[in-house]
Amino acid sequence: SSGINAEYGEYDQRSNEEDKKRQEIAAKFQTTINDINQKMADNQASNQTLREDNMELASKLKSLIEEYRNREEHVERVLKQKSLETQLAETKLAQQAIQGAEERQKDLTEKRNLLAEYVKEKKKNELLVEQEAELRSQLTLYTEKFEEFQKTLTRSNDVFATFKQE
């Protein structure tokens, strides 16, 4: 009986450890999801800032064109200035395109790493579920054997009591 109690205690301990591991995996998975969501929100804010910067640049360019039309006597100087500003805008746009491509590559790499980690954790979880099912099956088997032993012991006690009365 004490051996069975020890087995039950050991099973309870293993079960608690498995539950704790599952909870840790679930918490880690939730943290990963939260990190991804935060990165997506950060990217959205960055994109909004870039849109506002582009609108501001477009507004400045429009002001320069209006100034050009209003000052015909400065045509040559304004054309040269516009040419330089256009080159600057194109350079900035090319630089932003390069930075955007680098950020997208970095995001893809992070997503691949997160996906690989997710798959790894999912396999661990599936293994733990299989182990739990196996342990539950063993527990059921041991419970049935214990009940069978209890019935045999009860019958033996009954036979012994009958024999003792005779």
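Residues numbered from 1 in each chain as written. Predicted model: local features only at pLDDT ≥ 70, side-chain atom pairs only at ≥ 80, totals over all residues. Heavy atoms only, no water.

> Help me understand helix H2 (residues 75–165), please; the structure alone is not making it clear to me.
Because an α-helix packs 3.6 residues into every turn, residues spaced three or four apart end up facing the same way. Counted at 1.5 Å a residue, the expected span for H2 with its 91 residues is 135 Å, and the 129 Å between its end C-alpha atoms agrees. Among the residues of H2, those classed as buried are Val78, Gly100, Glu121 and Leu128. (Helix = DSSP H or I, 4+ residues; strand = E, 2+ residues; numbered from the N terminus. Expected span 1.5 Å × (residues − 1). Buried < 20%, exposed > 50% of the residue type's maximum accessible area, 1.4 Å probe, protein only.)

> So what exactly am I meant to see when it comes to the side chain of Glu18 here?
Here Glu18 shows up in helix H1 (residues 2–70). Despite its burial, Glu18 pairs with no opposite charge; the closest candidate is Lys21, at 4.2 Å N-O. (Lys, Arg positive; Asp, Glu negative; His and termini not counted. Salt bridge = Lys/Arg side-chain N within 4 Å of Asp/Glu carboxyl O.)

> Would you mind going over the pattern of salt bridges with me for this structure?
In a structure, side chains of opposite charge can pair up when their charged atoms sit close to one another. Scanning all chains against the criterion turns up 9 salt bridges. Between Lys39 and Glu110 there is a salt bridge, and its shortest N-O distance comes to 2.9 Å. Linking Lys39 in helix H1 with Glu110 in helix H2, this pair joins segments that are 71 residues apart in sequence. For Lys39, a relative accessible area of 40% gives the class partly exposed. The closest approach of N and O atoms between Lys60 and Glu56, which form a salt bridge, is 3.5 Å. Of this pair, Lys60 and Glu56 both sit in helix H1, separated by 4 residues, roughly a single helical turn. Since its relative accessible area comes to 45%, Glu56 is described here as partly exposed. When salt bridges that share partners are traced, they join Asp19, Arg22, Glu132 and Arg136 into one network.

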